[in-house]
Amino acid sequence: MKIGIIGKPQAGKSVLFRLLTKHGAAASGKAQLAVGRIPDPRVDALAELYKPRKVTYATIDFWDVPGFQPGRSSLDFLQSVRDVDALVAVLRAFESDLVPSITGIQPYTDFKDLQQELLIADWTLLETRLERLAKQRGKNPKAGEELAVLEKCRETLEQDLPLRSLKLNAEEEKLVRSYDFFTKKPLIAAVNLDEGQMAAGSYPQEEELEAELARMDVPLIKVSAQIEAEISELEAEDARLFLAELGLAESGIARIARTVYAHLGLISFFTAGEKEVHSWTIRRGDTACRAAGKIHSDLERGFIRAEVVAYEDLLRCGSMQKAKEQGLFRLEGKEYIVQDGDVITFRFNV
Ligand SMILES: Nc1nc2c(ncn2[C@@H]2O[C@H](COP(=O)(O)OP(=O)(O)OP(=O)(O)O)[C@@H](O)[C@H]2O)c(=O)[nH]1
Ligand SMILES: [Mg+2]
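Note that the coordinates shown come from a computational prediction; the quantities given were computed from them, not determined experimentally.

The rules we used
- Throughout this description, residue numbers start from 1 for each chain and increase along the sequence as written.
- Each chain takes a letter, starting from A, and each ligand takes a number, starting from 1, following the order in which they are written.
- Totals for whole chains, interfaces and linings use every residue, but because this is a predicted model, local features are given only for residues with pLDDT of at least 70 and side-chain atom pairs only at 80 or more, for both listing and counting.
- The basis for every side-chain value is the complete set of non-hydrogen atoms in the structure, without hydrogens or water.
- A run of H or I in DSSP becomes a helix once it reaches four residues, and a run of E becomes a strand once it reaches two; helices and strands are each numbered from the N terminus.
- Burial here depends on accessible area, computed with a 1.4 Å probe over protein chains only, as a share of the maximum for the residue type. Under 20% is buried, over 50% is exposed, and the range in between is partly exposed.
- For this analysis, residues touch if any pair of their heavy atoms sits within 4.5 Å.
- We get accessible surface area from the Shrake-Rupley algorithm with a probe of 1.4 Å; when it comes to residues, only the shown protein chains can shield them.
- We treat Lys and Arg as the positive residues and Asp and Glu as the negative residues; His and chain ends play no part in the count.
- For the purpose of locating charges, the reference atoms are NZ of Lys, CZ of Arg, CG of Asp and CD of Glu.
- Structural elements are reduced to axes, namely lines fitted to C-alpha atoms, with helices fitted over the stretch in contact, and the angle between N-to-C directions of any two is expressed from 0 to 180 degrees.
- Comment on the angle field: the value is read as roughly parallel under 35 degrees, roughly antiparallel over 145, roughly perpendicular from 65 to 115, and oblique elsewhere.
- Should the near helix be turned counterclockwise from the far one by less than a right angle, the crossing is left-handed, whereas a clockwise turn marks it as right-handed.
- Only buried residues count toward a nonpolar core, which is a set of Ala, Val, Leu, Ile, Met, Phe, Trp, Tyr and Cys residues joined through side-chain atoms within 4.5 Å.
- In this entry, domain limits derive from an automatic or database-based domain assignment.
- For two strands to be treated as a pair, DSSP must find no fewer than two bridges joining them.
- Note on aromatic pairs: the rings of Phe, Tyr and Trp (six-membered ring only in Trp) are paired at centre separations within 6.5 Å, and the planes decide the class, stacked below 30 degrees, edge-to-face beyond 60, tilted for the rest.
- An expected span of 1.5 Å times one less than the residue number is assigned to each helix.
- Two parts placed together each lose some accessible area under a 1.4 Å probe, and adding up what both lose gives the buried area.
- Salt bridge, as used here, is a side-chain nitrogen of Lys or Arg placed within 4 Å of a carboxyl oxygen of Asp or Glu.
- We call two N or O atoms a polar contact when they sit within 3.5 Å, provided that within protein one can donate a hydrogen and the other can accept it, with sequence-adjacent residues counted only if both atoms are side-chain atoms.

(A) Representation of the overall build of the chain within the structure. A count of helices and strands for the chain gives 15 helices and twelve strands. If one aligns the C-alpha atoms of the chain with their principal axes, the spans along those axes are about 65 × 65 × 35 Å. Every one of the 350 residues in the chain was classed for burial, and the buried ones make up 47%. Taking the intrachain contacts of the chain between residues at least 6 apart in sequence as the baseline, contacts between residues at least 24 apart amount to 69%. Of the roughly 18100 Å² that the chain leaves accessible, carbon and sulfur atoms contribute 50%. Positive and negative side-chain charges in the chain, numbering 47 and 55 respectively, have mean positions lying 7 Å apart.

(B) Main features of the packing of helix H4 (residues 107–136) against helix H5 (residues 143–158). Running from N to C, H4 and H5 cross one another at 150°; their axes reach a closest spacing of 10 Å. Judged by the inter-axis angle, H4 sits roughly antiparallel to H5. As H4 packs across H5, the resulting crossing turns out to be left-handed. Residues Leu119, Asp122, Trp123, Leu126, Glu127, Arg129, Leu130 and Leu133 of H4 form the contact with H5, whose own contacting residues are Ala143, Glu146, Leu147, Leu150, Glu151, Cys153, Arg154, Leu157 and Glu158.

(C) Representation of the nonpolar core in the model. Judged by nonpolar contacts, the single largest core of 31 residues is most densely connected at Ile6, Phe77, Val81, Leu87 and Phe111. Elements with a contribution of two residues or more to this core: helix H3 (75–81), strand S5 (86–92), H4, strand S6 (187–192), helix H8 (206–216), helix H9 (225–231) and helix H10 (236–245). Of all the elements, H4 adds the most residues to this core, at four residues. Each of domain 1 (2–38 + 59–101 + 186–263) and domain 2 (115–184) gives at least three residues to this core. With near-sequence residues (within four places) excluded, Leu87 lies in contact with Gly4, Ile6, Val81, Leu118, Phe182, Lys185, Pro186, Leu187 and Ile188.

(D) Local environment of the sheet that holds strand S1 (residues 2–6). Spatial strand order, S2-S4-S1-S5-S6-S7: six strands in an open sheet with mixed pairing. With one partner strand each, in any of the chains shown, strand S2 (32–37) and strand S7 (220–223) form the two edges of the open sheet. Adjacent strand axes in the sheet meet at a mean angle of 25°, parallel and antiparallel pairs treated alike. Strand direction decides the pairing type here: S2 and strand S4 (residues 59–64), joined by six bridges, are antiparallel. Looking at the pairing, Ala34 lines up with Phe62 of S4.

(E) Main features of the packing of aromatic side chains. Within this structure, the stated rule accounts for six aromatic pairs. For the ring pair Phe269 and Phe346, a centre distance of 6.1 Å and an interplane angle of 85° mean the geometry is edge-to-face. Placement of Phe269 in strand S8 (residues 266–272) and of Phe346 in strand S12 (residues 342–348) is noted, with a sequence separation of 77 residues between them. According to the relative accessible area criterion, Phe346 is buried, its value standing at 9%.

(F) Fine view of H5. Taking 1.5 Å per residue as the helical rise, H5 with its 16 residues ought to reach 22 Å, and the 22 Å between its terminal C-alpha atoms agrees with that figure. Of the residues making up H5, those classed as buried are Ala143, Glu146, Leu147, Val149, Leu150, Cys153, Thr156 and Leu157. Looking at the buried positions of H5, the neighbouring elements they touch are H4 and helix H6 (170–177). Remark: Asp160 follows H5 within two positions and exhibits a positive phi of approximately 70°.

(G) Just the packing of H5 against H6, in detail. The interhelical angle for the contact between H5 and H6, taken along N-to-C directions, is 80°, at an axis separation of 10 Å. One finds that H5 runs roughly perpendicular with respect to H6. Listed contacts from H6 to Glu145, Glu146, Val149, Lys152 and Cys153 of H5 are Glu171, Glu172, Leu175 and Val176.

(H) Looking closely at the domain arrangement of the chain. Split by domain assignment, the chain resolves into domain 1 (2–38 + 59–101 + 186–263), domain 2 (115–184) and domain 3 (285–348). Of the residues lining the interface, twelve residues belong to domain 1; the matching set on domain 2 comes to 14 residues. Each partner contributes to the roughly 1200 Å² buried at the junction of domain 1 and domain 2, and carbon and sulfur atoms together form 62% of this total. Taken together, the links from domain 1 to domain 2 amount to zero salt bridges. Scanning the region where domain 1 abuts domain 2 turns up two residue pairs in polar contact (both at pLDDT 80 or more).

(I) Representation of unusual backbone geometry in the model. A positive phi angle, near 60°, is found at Asp180, a position not held by glycine. For Asp180, the location among the structural elements is in the loop between H6 and S6. On the basis of relative accessible area, Asp180 is assigned to the partly exposed category, the value being 38%. With a phi angle near 60°, Asp217 is a residue other than glycine that sits in the positive phi range.

Put into structure tokens, the structure is as follows:
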């Protein structure tokens, strides 16, 4: 799973990237990749319960993409985001004399510029493909079908809407997916506020931005890179109090990670014991057998059964033994659909 962090220069992308990945600084304008740990209080609680020798959180790869400037050659920019699974657009709202802005503070305009670039890239790709298909009509029996789907895509782009907003059936979906369109990728907007804006709950171009994101069905997260950087220096309890003072339940980094998860249809299940508490990432709807395969192919091949307790049940009971006594411990087969938060022990035989 790879997430591209995109936006205008000096928007705060690298600061957020470093906080997400605890990765060292790189020169401005240089792309870099690093692994981000997904904060998850459930993993912390399981670790508290089992006191394991090792704790492993779920991870996502983040890609710090060089700033995008409209008018400049965008080839590098587009190349960097071609193969990511999702995009996080960082939009500057923060005011700072230390970081002058050439254009003024305009998160909505910045978002539109970015969106426009991606729409045009998709449009170009689409036109090329449509031309080629039109020539093949009559010779290639599949061309008609593909043409019909791509015409739908064209209509969507013409309404200034991203391709992800187009409802398709399973077959069409498969076809469109093979093109790797930019506006098909899930997108999350993170508006980077300063402390004053965070406290006031407002920032420049707020109304336009929020209306546009709603039109496009893009989730918005309000973060402050500055505050996040300060929080990252604090102990867990101090961080919690600091966030509470700001009226926030969790850090922006956790909110970004969680939104990415939800938006990509990802869930977590856990394996837990004295040796290790481990969070695993699967897609919503995956079976127990598939989940086992995430851990090791032997577990999938020799799958016998899954022993499952829901995280909440386990925590409430305080131990696996108690959960068993209360009948909350289930034996599930291969086809069981794993639920977010399941704590699982796999039995297998190879
Ligand atoms: N005051 C303030 N400064 C910030 C905030 N976020 C980022 N900065 C500063 O803005 C400058 C640019 O931040 P970066 O994270 O490097 O921006 P970027 O988007 O990666 O920029 P490029 O890599 O050049 O595209 C740095 O000096 C940051 O310290 C913020 O929320 N408040
Ligand atoms: Mg940067």
